[in-house]
Amino acid sequence: MKLTLDNPASVAAPYANRFSHVARLDLPGGALLTLSGQVAVDDAGAVLAPGEAGPQAERVFEIIGGLLAAHGAGFGDVLHIRTYLLDLADLPAYAAVRREVFPGPPPASTTVQVSGLFLPGLVLEVEVTAAVH
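Residues numbered from 1 in each chain as written. Predicted model: local features only at pLDDT ≥ 70, side-chain atom pairs only at ≥ 80, totals over all residues. Heavy atoms only, no water.

Novice: I tried to follow the overall build of the protein chain on my own but got confused; where do I start?
Specialist: Tallying secondary structure elements over the protein chain gives 2 helices and 6 strands in all. The order of α-helices and β-strands along the protein chain, N terminus first, is β-β-β-α-β-α-β-β. In summary, the protein chain has a C-alpha radius of gyration of 14 Å against a globular reference of 14 Å for 133 residues, a match within 12%. Taken along its principal axes, the extent of the C-alpha atoms in the protein chain is 40 × 35 × 20 Å. Contacts in the protein chain between residues far apart in sequence, at least 24 positions, make up 66% of those at least 6 positions apart. Taken together, the 7 basic and 13 acidic charged side chains of the protein chain have centroids lying 7 Å from each other. (Helix = DSSP H or I, 4+ residues; strand = E, 2+ residues; numbered from the N terminus. Rg over C-alpha atoms; globule rule 2.2 N^0.38 Å. Contact = heavy atoms within 4.5 Å. Lys, Arg positive; Asp, Glu negative; His and termini not counted. Charge placed at Lys NZ, Arg CZ, Asp CG, Glu CD.)

Novice: Explain the layout of surface pockets here, please?
Specialist: Gaps left between atoms show up when a probe the size of a water molecule is rolled over them. One number sums up the size of the largest pocket: a volume of about 370 Å³. Taken together, 24 residues form the lining of the largest pocket, with A12, A13, H21, Q38 and V41 sitting closest to its centre. Top contributing element to the lining of the largest pocket by residue count: helix α1 (residues 53-69), with 4 residues. (1 Å grid on protein atoms, 1.4 Å probe; cavity = no way out; pocket = protein on both sides within 12 Å on 5 of 7 lines; lining within 4 Å. Points joined across faces, edges and corners; volume = space filled by probe spheres on them.)

Novice: What should I look at first to understand the environment of V128 in this one?
Specialist: Positionally, V128 belongs in strand β6 (residues 124-132). We classify V128 as buried; its relative accessible area is 1%. Along the sequence, V128 and P107 sit 21 residues apart, while their C-alpha atoms lie 9.5 Å from each other. When neighbours within four sequence positions are excluded, V128 is seen to be in contact with L33, T34, L35, I64, V78, H80, I81 and R82. (Buried < 20%, exposed > 50% of the residue type's maximum accessible area, 1.4 Å probe, protein only.)

Novice: Sorry, what's going on with the environment of I64 here?
Specialist: Note on placement: I64 falls in helix α1. Each C-alpha atom, one on I64 and one on F75, is 8.6 Å from the other, the two residues being 11 residues apart in sequence. Look past the residues within four positions of I64 in its chain and what remains in contact with it is L35, Q38, F75, V126 and V128.

Novice: Would you take a moment to explain the environment of P14 for this structure?
Specialist: Mapped onto the secondary structure, P14 falls in the loop between β1 (2-6) and β2 (22-27). Note on P14: relative accessible area 4%, which makes it buried. Along the sequence, P14 and Q38 sit 24 residues apart, while their C-alpha atoms lie 9.0 Å from each other. Here P14 is in contact with N7, F19 and H21, once residues within four sequence places are set aside.

Novice: Teacher, can you tell me more about the pairing of strand β3 (residues 30-35) here?
Specialist: A regular strand carries its side chains on alternate faces of the sheet. Burial along β3 is one-sided: A31, L33 and L35 are buried, and none of G30, L32 and T34, which face the opposite way, are. Bridge count between β2 and β3: 6 bridges; the pairing is antiparallel. Among the inter-strand pairings, L27 is bridged to a residue of β3, identified as G30. Remark: 2 residues form the turn of the hairpin made by β2 and β3, two consecutive strands paired antiparallel; G29 in that turn has positive phi of roughly 85°. Examined bridge by bridge, β3 and β6 share 4 bridges and lie antiparallel to one another. In the sheet register, A31 faces β6, and the bridge partner there is V132. (Pairing = 2+ DSSP bridges.)

Rendered as structure tokens:
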């Protein structure tokens, strides 16, 4: 087994360079990817669509898609998704975007309401685990 911590150049650097976007564990026949929680920020770190779950979800999945692609994976390789929402009333807007990203059988999932996220204006954060074949 080999562990690699990575920040692919195809995606903006992690906020304040405090973490790695991807932990990749190479295994016989493939790899396991664990992605850090992703939020709706632009390449400069500014919050996009403050307070709006739908547009934020679109940006989050755009970032996640880029991270997965950098490691030879896609949304069809996602095993588990964890979502943190400031308000469960935003679940329908988030779920609509998520259904577009995962049109087939959805991955295993956890969704929780949290009291806050690390930047004002953020309403959700998403992290995923994926398998590379």
